[in-house]
Amino acid sequence: MKMDLKDYSNEEIYRLLVRILKKRKLHVDGGWEGENLEILARRICRRRSDNKFTNLLALRALRAGYGLSSLATLPVIKRREAPLDMRIENEASKQLQSMIGLNEVKEVINELALRANTNYHREIQGLPPIETSLNRVFLGPPGTGKTTVARLYGQLIADLGLISSGEVSLKNPSDFIGKYTGESEAKPRQILHDSQGRVLVIDDAHMLYQRSGDGSDCSDPYRLAVVDTLVANISSKPGEDRCIILIGYPDQMKELFNNSNPGLRRRFSLEEAFHFQDYSVEQLAEILDLNLSRDGMTVTDEARKVAIEVLTRPRDRPNFGNGGDVDNLLGQSKAAFNKTLKDVSDRQGRMIEPADFDPEYDRAFKRSKACESLFSTMIGIDHIITLFQDYRQMAAGMRLREIDPRPFIPFAYVFKGPPGTGKTTKARILGQIFYDLGFLSTSEVIDCTATDMIGEYVGHTGPKVIKLLERALGKVLFIDEAYRLAGTSTGRCSSFTEEAVGELVDCMTKPRYARKLVIVLAGYSDEMDKLIHMNPGLRSRFPTDIVFLSMDPAHCFEYLEAQLGKLQISVDRCDSKSIGGKYSTVLSMFSRLKRTRSWANTRDVETLARNIIFQVYKTQKSPGDSSIGLSISMDELITCLGDMLCQRGHGHEMNTPVDTDYE
């Protein structure tokens with residue numbers, strides 16, 4: 001005989017509820033026939049639409065305060081106040097409202113409070129409440145307060161009576177991912193079971209997806225199992241007695257949603273996600289002031305300006321720490337302040353000074369000879385030194401008038417010239433100059449070539465270019481042999497190189513990258529001219545050409561002397577200035593070397609210097625006596641130059657007429 005047992009009716013649930021509460025010796029505010037108990041019974045019955053409704057078991061597991069407020073000291077279930085009244089006095093709400101920014105979150109909290117208030121009155125009238133999903137996604141960079149806000153948001157959800165318990169549980173992916181087959185299903189199920197009626201916050205949820213090592217859009221099976229289990233055990237219908245908040249970084253979270261179980265989107269709407277943005281300079285200043293006040297610290301007006309400049313500098317970097325960077329800066333300033341006053345017993349009235357935030361805070365003003373010192377080892381580049389000195393002077397003058405010089409100084413350059421003229425070296429110096437000017441967060445230079453920008457298959461090039469730009473934010477991106485982007489020598493289809501150039505041109509005008517990194521295209525003059533004309537947008541994005549001239553013979557000799565001097569070797573310039581003397585012969589031989597096709601300027605001079613260093617130290621008379629000076633005669637130098645000419649296989653140039661006008 002088959003028996004068809006159905007769920008209890010509303011009336012049966014009500015009578016059973018009264019029996020259970022009386023057995024527990026509880027009393028209900030308003031009496032056993034009042035509206036409070038009816039509301040509680042209706043709330044339990046609404047779970048009947050869920051396939052997991054357990055009838056009598058649900059009643060036996062009922063907490064005393066299911067959906068209602070209770071007094072721990074009295075066995076009485078009381079009617080809670082209207083949500084709007086509770087929100088006014090709610091501690092979590094006060095904390096959230098006091099936080100800087102977060103307008104979107106605050107507006108949603110207000111809407112939830114209004115909805116809870118509406119549902120409160122609907123339930124009193126016997127009407128079903130208006131239900132929407134409580135699950136949320138919090139997206140944003142680190143240090144923007146996502147986890148803190150998620151805790152407060154969850155507490156408000158509970159306090160507004162939108163879930164049956166007031167508990168907030170914080171988990172991270174490691175709590176879900178198992179170490180063996182089956183555990184990645186069991187652990188999420190248990191966590192979801194324990195979170196029934198609560199707020200579950202999953203921090204760093206983007207780590208539930210991890211791109212495979214071969215670059216394919218496939219995560220490992222353990223993470224996939226976790227996501228599949230979450231989707232299977234979280235209802236896509238509104239009204240579930242649980243709030244789940246996923247927290248993560250924007251791009252990585254999009255990868256999680258795009259490459260995992262499609263059901264994840266139906267349970268968590270990315271379109272309605274809370275977006276936490278990097279704090280603006282004004283907001284960082286406000287956070288700084290609040291933290292200073294909290295810690296009882298006082299700073300001079302100039303020190304506050306320096307602190308804001310220090311915080312502004314790394315904002316261009318990916319994963320900027322936001323509020324975390326403010327805390328770190330204050331920690332460093334405290335350490336510097338205490339170190340400065342370590343021997344001072346009376347610190348009354350002492351304030352944090354600019355140097356406590358940045359020991360070189362005035363670098364942009366005091367380094368009038370900064371360019372000359374940075375280029376001190378360079379020879380024959382006076383025009384480049386003058387250009388960057390002018391930039392420094394311009395920036396200093398504009399800052400004195402409270403004008404931001406950033407929009408008026410180029411951030412994109414074309415370095416063109418023959419090989420060995422120091423293009424890479426000068427790019428590194430450029431990084432230091434722009435860092436000193438306060439335009440970059442670090443003086444680091446990211447070196448790459450065209451190969452690093454060109455993909456291996458259709459659709460691969462664009463992401464490679466963007467990844468490279470992301471890595472170079474707040475730094476110098478130096479693209480060597482950039483002429484290969486013209487597609488003449490990459491060995492790849494020209495459509496890939498065109499896509500790389502097009503992506504670069506497009507990204508340089510986007511707010512994410514514009515004037516937030518210095519980009520240098522470097523290569524040989526003729527080839528670089530061809531590249532610039534390849535895409536009409538390149539010329540406007542790279543308006544500043546810096547031409548590196550081939551070293552003349554006199555500069556080659558001067559550079560050689562400098563390289564030898566580093567190893568304590570001098571050149572004996574006997575008869576160096578006489579017409580037709582040995583100095584003229586040396587210059588003549590450098591001139592011949594210049595005409596060889598493989599001449600690489602400073603690189604070849606450095607090779608010559610290494611050969612001379614080997615010969616000098618090999619033949620020194622007293623190796624153990626460092627007091628004896630080391631030198632090379634002009635005759636020996638001429639011999640070394642002759643050897644280099646012979647090695648180049650250009651003997652026919654030895655007999656060409658010599659231009660003697662070198663001085």
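Just above, that's the structure.
How each quantity is defined
Residues numbered from 1 in each chain as written. Predicted model: local features only at pLDDT ≥ 70, side-chain atom pairs only at ≥ 80, totals over all residues. Heavy atoms only, no water. Buried < 20%, exposed > 50% of the residue type's maximum accessible area, 1.4 Å probe, protein only. Helix = DSSP H or I, 4+ residues; strand = E, 2+ residues; numbered from the N terminus. Arc of directions from axis to C-beta. Pairing = 2+ DSSP bridges. Axes fitted to C-alpha atoms, helices over the stretch in contact; angles between N-to-C directions. Contact = heavy atoms within 4.5 Å. Parallel < 35°, antiparallel > 145°, perpendicular 65-115°, else oblique. Left-handed = near helix turned anticlockwise from the far one by under 90°. Nonpolar A, V, L, I, M, F, W, Y, C, P; charged D, E, K, R; others polar. Phe/Tyr/Trp six-rings, centres within 6.5 Å; stacked < 30°, edge-to-face > 60°. Expected span 1.5 Å × (residues − 1). Core = buried A, V, L, I, M, F, W, Y, C linked by side-chain atoms within 4.5 Å. Salt bridge = Lys/Arg side-chain N within 4 Å of Asp/Glu carboxyl O. Right-handed = clockwise from strand over helix to strand, strands pointing away.

Some thoughts on helix 22 (residues 525-532)
And step 1. Buried residues of helix 22: Met528, Leu531 and Ile532, and no others. For helix 22, the arc enclosing every buried residue in end-on projection is 95 degrees, short of the 170-degree limit, so these residues lie on one face. Away from its buried face, by an angle of more than 90 degrees, helix 22 presents the exposed residues Asp526 and Lys530.

Some words on the sheet that holds strand 10 (residues 476-480)
And step 1. Strand order in this open sheet of 5 strands is 9-10-11-8-12, and the pairing throughout is parallel. Sheet topology places strand 9 (445-449) and strand 12 (544-547) at the edges, where each strand pairs with a single neighbour. Averaged over all adjacent pairs, the angle separating strand axes in this sheet is 20 degrees, with direction ignored.
And step 2. As paired elements, strand 8 (residues 412-416) and strand 12 share 4 bridges and run parallel to each other. Within strand 12, the position partnered with Tyr413 by the bridge is Thr544.
And step 3. Lying over the sheet, helix 19 (residues 423-436) contacts strand 8, strand 9, strand 10 and strand 11 (518-523), oriented at roughly 155 degrees with respect to strand 8.
And step 4. In the packing of helix 20 (residues 461-472) onto the sheet, the strands contacted are strand 9, strand 10 and strand 11, and the crossing angle to strand 9 comes to about 160 degrees.

Here's the deal with the packing of helix 24 (residues 553-565) against helix 26 (residues 602-619)
And step 1. One can describe the packing of helix 24 onto helix 26 by two numbers: an axis separation of 9 Å at closest approach and a directional angle of 45 degrees. Looking at the two axes, helix 24 sits oblique to helix 26. Where helix 24 crosses over helix 26, the handedness of that crossing is right-handed. Taking contact as the criterion, the partners of Cys556, Tyr559, Leu560, Gln563 and Leu564 in helix 24 are, on helix 26, Thr602, Val605, Glu606, Leu608, Ala609, Ile612 and Ile613.
And step 2. Residue composition of the contact of helix 24 with helix 26, grouped by class: 9 nonpolar, 2 polar and 1 charged.

Quick look at the packing of aromatic side chains
And step 1. Tallied over the full model, the rule gives 13 aromatic pairs.
And step 2. On the numbers, 5.3 Å between centres and 80 degrees between planes, the contact of Phe411 with Phe434 is edge-to-face. In this pair, Phe411 sits in the loop between helix 18 (382-400) and strand 8 while Phe434 sits in helix 19, placing the two residues 23 residues apart along the sequence.
And step 3. Accessibility expressed as a relative area gives 0% for Phe434, which makes it buried.

With respect to helix 26
And step 1. Over its 18 residues, helix 26 extends 26 Å from the first C-alpha to the last, a length consistent with the 26 Å expected when each residue adds 1.5 Å.
And step 2. Within the sequence span of helix 26, burial applies to Thr602, Asp604, Val605, Leu608, Ala609, Ile612, Ile613 and Val616.
And step 3. Buried residues along helix 26 sit against helix 24, strand 13 (569-572), helix 25 (582-594), strand 14 (630-633) and helix 27 (634-647).

Some thoughts on the environment of Leu593
And step 1. Inspection of the secondary structure puts Leu593 in helix 25.
And step 2. Separated by 11 residues in sequence, Leu593 and Asp604 place their C-alpha atoms 9.3 Å apart.
And step 3. Not counting residues up to four positions away in its chain, the partners in contact with Leu593 are Trp599, Leu641, Met644, Leu645 and Arg648.

Some remarks on the sheet that holds strand 3 (residues 136-139)
And step 1. Spatial ordering of the open sheet is given by 4-5-6-3-7, a layout of 5 strands whose pairing is parallel. Strand pairing shows two members of the sheet lacking a second neighbour, strand 4 (168-171) and strand 7 (274-275), which therefore form its edges.
And step 2. In this sheet, strand 5 (residues 199-202) lies alongside strand 4 in parallel orientation, the contact comprising 4 bridges. Its bridge partner lying in strand 5, Lys171 is registered against Ile202.

Some thoughts on the nonpolar core
And step 1. Of all hydrophobic cores here, the largest spans 33 residues; its most connected members are Leu469, Leu477, Ile479, Leu504, Ile519, Leu521 and Phe542.
And step 2. Those elements giving two or more residues to this core turn out to be strand 8, strand 9, helix 20, strand 10, helix 21 (494-507), strand 11 and helix 22.
And step 3. With 6 residues, the top contributor of residues to this core is helix 21.
And step 4. By size, the runner-up hydrophobic cluster in this structure holds 30 residues, among which are Ile569, Leu587, Leu593 and Ile613.

Some words on unusual backbone geometry
And step 1. In this structure, Glu402 is a non-glycine residue whose phi angle is positive, near 60 degrees.
And step 2. Examined against the element boundaries, Glu402 turns out to sit in the loop between helix 18 and strand 8.
And step 3. Residue classification places Glu402 among the exposed residues on the basis of a relative accessible area of 69%.
And step 4. You will see that Asn601, though not glycine, has its phi angle at about 50 degrees, which is positive.
And step 5. Mapped onto the elements of the fold, Asn601 is located in the loop between helix 25 and helix 26.
And step 6. Note on Asn601: relative accessible area 1%, which makes it buried.

Side note on the packing of helix 12 (residues 281-294) against helix 14 (residues 323-340)
And step 1. Remark: helix 12 packs on helix 14, axes separated minimally by 10 Å, with the N-to-C direction vectors making an angle of 45 degrees. In terms of orientation, helix 12 lies oblique with respect to helix 14. When the axes of helix 12 and helix 14 are compared, the crossing they make is right-handed. Here Leu284, Ile287, Leu288, Asn291, Leu292 and Arg294 of helix 12 come into contact with helix 14, specifically with Val326, Asp327 and Leu330.

Structural notes on the pattern of salt bridges
And step 1. What the rule picks out here adds up to 17 salt bridges.
And step 2. As a salt-bridge pair, Asp635 and Lys582 come within 3.2 Å of each other at their nearest N and O atoms. Of this pair, Asp635 sits in helix 27 while Lys582 sits in helix 25, and the two are 53 residues apart along the sequence.
And step 3. On the basis of relative accessible area, Lys582 is assigned to the partly exposed category, the value being 27%.
And step 4. Each member of the salt-bridge network shares a partner with another, and the members are Lys416, Asp529, Arg539 and Asp545.

Notes on the pairing of strand 10
And step 1. Along strand 10, 4 of the 5 residues are buried, which leaves the element largely enclosed by surrounding structure.
And step 2. Pairing between strand 9 and strand 10: 5 bridges, direction parallel. Within strand 10, the residue paired with Ile446 across the bridge is Leu477.
And step 3. Assessed by its sense of winding, the connection that carries the chain from strand 9 through helix 20 to strand 10 is right-handed.
And step 4. In this sheet, strand 11 lies alongside strand 10 in parallel orientation, the contact comprising 4 bridges. By the bridge assignment for strand 11, Val476 is matched with Val518.

Re the pairing of strand 8
And step 1. Most of strand 8 is tucked away: 5 of the 5 residues are buried.
And step 2. Of the two faces of strand 8, the one carrying Ala412, Val414 and Lys416 and the one carrying Tyr413 and Phe415 are both buried.
And step 3. Sheet topology note: the strand 8/strand 11 ladder contains 5 bridges and is parallel. Note on strand 11: the bridge partner recorded for Ala412 is Ile519.

Don't take any of this as a statement about function, it's just geometry.
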